[in-house]
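Here is what each chain is made of, one letter per residue.
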Amino acid sequence: MTVEFDLLGSVEARVDGRIVDLGHARQRCVLAVLLVDANQVVSVEQLVERVWADRPPQRARNTLYGYLSRLRQALAIAEGADIVRRSGGYVLDVEATAVDLHRFHDVVARARAAAQSTQDEQAATLFGQALGLWRGDAFAGLDTPWINALRDAVVQERIATELDHTDVRLRCGQHTGLLAELSARVETHPLDERLAGQFILALYRCGRPADALNHYQQTRLLLAEELGCDPGLPLRQLHQQILTTDPALNVPAAGRAPASAPALVPRPIPTPPPVRTPRGGGALPGPPTPQRPRTGSHLIGRAAELMVLDGAIEDALAGSPGVVEMVGEPGIGKTRLLGELAERARQRGFESLAGRSVEFDRAPYGAFVDALDDHLGHEDFLRLRHDGLPPGAFALLSTVFPALCDRFPTGPEPVKVERYWFHRAVRTLLEALSDEGGLVLSLDDLQWTDDGTAELIDHLIRHPPRTPLLLALAYRPRQAPPRLAAALARAGTEGRVARVELGPLSPAEGAELCGARTDHWRFRRLYEVSGGNPFYLEALTPRAGNQSPEAAPADSVAIADDLPQSVRAVLLGELGGLSAAARVSVQAAAVLGDSFEAEMVAVVAQTDEAQALAALDEVAERDLVRQIGSAGRYQFRHPLVRAVIYQSVGAGWRIEAHNRAAEALALRCAPLVAQASHVQRSARRGDEHAVDVLVRAARQVMTTAPAAAARWTEVALRFPGL
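Note that the coordinates shown come from a computational prediction; the quantities given were computed from them, not determined experimentally.

Novice: What am I meant to see in the overall build of the protein chain here?
Specialist: Of regular secondary structure, the protein chain possesses 32 helices and 14 strands. Put simply, the protein chain has 722 residues, and 51% of those count as buried. Look at the contacts in the protein chain between residues 6 or more apart in sequence, and 70% of them connect residues 24 or more apart. Summing over all exposed atoms, the protein chain offers an accessible surface of approximately 32300 Å²; the carbon and sulfur share of this is 52%.

Okay, structure coming up:
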């Protein structure tokens, strides 16, 4: 009698098609653990930990043996499935193809191999078969920390498979049949750029280029608002291909995409590793799927800032062109406030255009090109000439704005002529664009701007257009380029700029953002960890639903465990461009805590102090850390920045890093409390010194910090001989 096991839905076993009674949920959880690691030994300790986590019954082993015995009896009628006792634990001997989870991985691997061999029809069929194995939520009806983590990883694998399936179906010319499905999926995952690109391409191939361009703009604005970033290069390239009606986007009659198919449906499909479980018991995460953080329908707080913006709009309407300088920490709400400014200005008859600088693509005048180029592609140039823009100006502007290149002969490169004439041409262009009803030009993320943009902003401030133009500039002040900072500081002293400094939300505003009460223990904890930063506060809020005050973690590292992957990626993206030495030093600093000394960073990073200081200077330039107090002492910009960096480092490296920190603190005769936080994360079995440090530190803080005392005592009790 053949047996089949189902995990991609409720946990079930079938013998010749008939469902086998597997007992209650806990017993089915034991079977699920063995099936996930089929044909591999799973130790009794792993079984207990995966089934009961940190709350095992008093006689956990005896209970487990009872479950295993009953499962053996239930499966006795089946051929080819047997739970066997082996040295070190138990193993379920079964053909891997009898388990739908392993069959799913096998079929997906064959589908991806077919796609890499350009056998798209076969790949599409195999992907469809793999996805057809799903009957609902994986491991439905089971609820343990290990199962929940594994379920999340398997769901990510399913999403990656759906994306790969869509790629090959698009290459096979099935865009019409995909349209409704993709429309529903982009509603669920609006920040997934790969999915957005697939939907845009399907719209274009269905003869709806306007809808395709509109969805690109929606995605671009959403990424800017929610994550503070631009679309990636593949999505931007697809947008440009649609604007130029690139023939590479079409599907030949035979149903095969040309060799120059868009980058969003690449020929070789990357193969993510199958979802497996490491020997320690945790599930390896699958590919991340960004999810949109919760947002309210209206701007919360910022009453004083809005008064400044309203005043600037009124001044522009009265014929006094204005400049608003908007500064604040990452995530504090600059982009959101720029959007509010644009909306309020539109209600007063202004047109609004927005652009931003990109960190690793500092093209000349990049923010202005991002804001104006798409608009110029649809502009009536006869009207612009009539409004005073001389023909020679178009040739000069075409050296920077791609939308003008095909319509006007290219003039000399801006770097080869007097920049003053180019600046004047831009000023005249802005006058023509804002002459009818006024214009708000918003430039965001100017901390990454190029020198050309900074010079042009300086020129426009000193020689403002003579039309209703409001220039809104947003940036992180600690990372502002010197030329931009100098220009705005000079303009500020001359009264030419209105400065808006965004600070954290008040507790009442934060509670409104989260939909919570200010006196609720959960909100108070989240507000403390986030520091009132709305980006961090929104990101942390979803994790607060399932904890009691006793179970909730107290530090930022623990409370950041469930940050959305999209938010985690944004924070880790700030490490991009750091040298290897700077990256190791900031990881060492994250081990030491929210604040730290350069001397200790050198110890943990295994370098000398001079090199550590140089590395920290580099990190400080990115505003990840800041110097405080005396020389050589620093702190992270925000506790969650430190937490995400800490969690991104391998567990083995962290253990050794904590060990180096503990040894250095002991040599310094540092307080036991300072030593204990590192000892608890690095001690090994049989380490009597570690036990002594933890016990003595716990006694010292028993009355002042009972939670820490309990935690250290618990760690000490895990070691034999105590």
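Read on for the rest.
Novice: Can you help me understand the sheet that holds strand β11 (residues 498-501) in this one?
Specialist: Within a beta sheet, neighbouring strands are joined by backbone hydrogen bonds and run either parallel or antiparallel to one another. Spatially, β8-β9-β10-β7-β11 is the arrangement adopted by the 5 strands of the open sheet, whose pairing is parallel. A single partner strand is all that each edge strand has here, and the edge strands are β8 (351-356) and β11. When the angles between neighbouring strand axes are averaged without regard to direction, this sheet yields 15°. Pairing of strand β7 (residues 322-327) with β11 involves 4 bridges; the strand directions are parallel. Considered in β11, the bridge of Glu325 is made with Arg499. This element, helix α12 (residues 334-347), spans β7, β8, β9 (439-444), β10 (469-475) and β11 of the sheet and lies at about 170° to β10.

Novice: Explain the sheet that holds strand β4 (residues 42-43) to me, please; I cannot follow it from the model alone.
Specialist: The strand order β4-β6-β5 describes an open sheet built from 3 strands, whose pairing is antiparallel. Both edges of this open sheet fall to β4 and β5 (81-86), since each of them pairs with a single strand only. In the packing of helix α3 (residues 60-74) onto the sheet, contacts are made with β5 and β6 (89-94), and the angle to β5 comes to roughly 145°.

Novice: Would you mind going over the pattern of salt bridges with me for this structure?
Specialist: For side chains of opposite charge, pairing can occur when their charged atoms come near one another. Applying the stated rule across the entire model yields 40 salt bridges. Salt-bridge contacts for Glu343 lead to Arg346; the nearest nitrogen and oxygen are separated by 3.2 Å. Of the two residues, Glu343 and Arg346 are both situated in helix α12; the distance of 3 residues between them amounts to about one turn of the helix. The exposure class assigned to Glu343 is partly exposed, which follows from its relative accessible area of 34%.

Novice: What should I look at first to understand the pairing of strand β2 (residues 12-15) in this one?
Specialist: On a regular strand, each side chain points to the face opposite its neighbour's, so the side chains alternate between the two faces of the sheet. Summarising the sheet, strand β1 (residues 3-6) and β2 pair through 4 bridges and their orientation is antiparallel. Residue Glu4 lies in a different strand from β2, and its bridge partner there is Arg14. Counting the residues in the hairpin turn of β1 and β2 gives 5 residues, including Gly9, whose phi is positive at 155°. As judged from the 2 bridges shared by β2 and strand β3 (residues 18-19), these two strands associate in the antiparallel manner.

Novice: How should the confidence of the model for the protein chain be read in this particular structure?
Specialist: Close reading of the predicted structure is inappropriate where its pLDDT is low. Per-chain confidence: the protein chain averages 80 in pLDDT, with 84% of residues scoring 70 or above. Scored below 50 in pLDDT, residues 253-297 shows 123 contacts in the model against residues more than four places distant or in partner chains. A low-confidence stretch, residues 543-554 (pLDDT under 50), is modelled with 20 contacts involving residues beyond four sequence positions or located in other chains.

What counts, and at which threshold
- Residues numbered from 1 in each chain as written.
- Predicted model: local features only at pLDDT ≥ 70, side-chain atom pairs only at ≥ 80, totals over all residues.
- Heavy atoms only, no water.
- Helix = DSSP H or I, 4+ residues; strand = E, 2+ residues; numbered from the N terminus.
- Buried < 20%, exposed > 50% of the residue type's maximum accessible area, 1.4 Å probe, protein only.
- Contact = heavy atoms within 4.5 Å.
- Areas by Shrake-Rupley, 256 points an atom, 1.4 Å probe, with all protein chains shown as cover.
- Pairing = 2+ DSSP bridges.
- Axes fitted to C-alpha atoms, helices over the stretch in contact; angles between N-to-C directions.
- Salt bridge = Lys/Arg side-chain N within 4 Å of Asp/Glu carboxyl O.
- pLDDT = per-residue confidence, 0-100.

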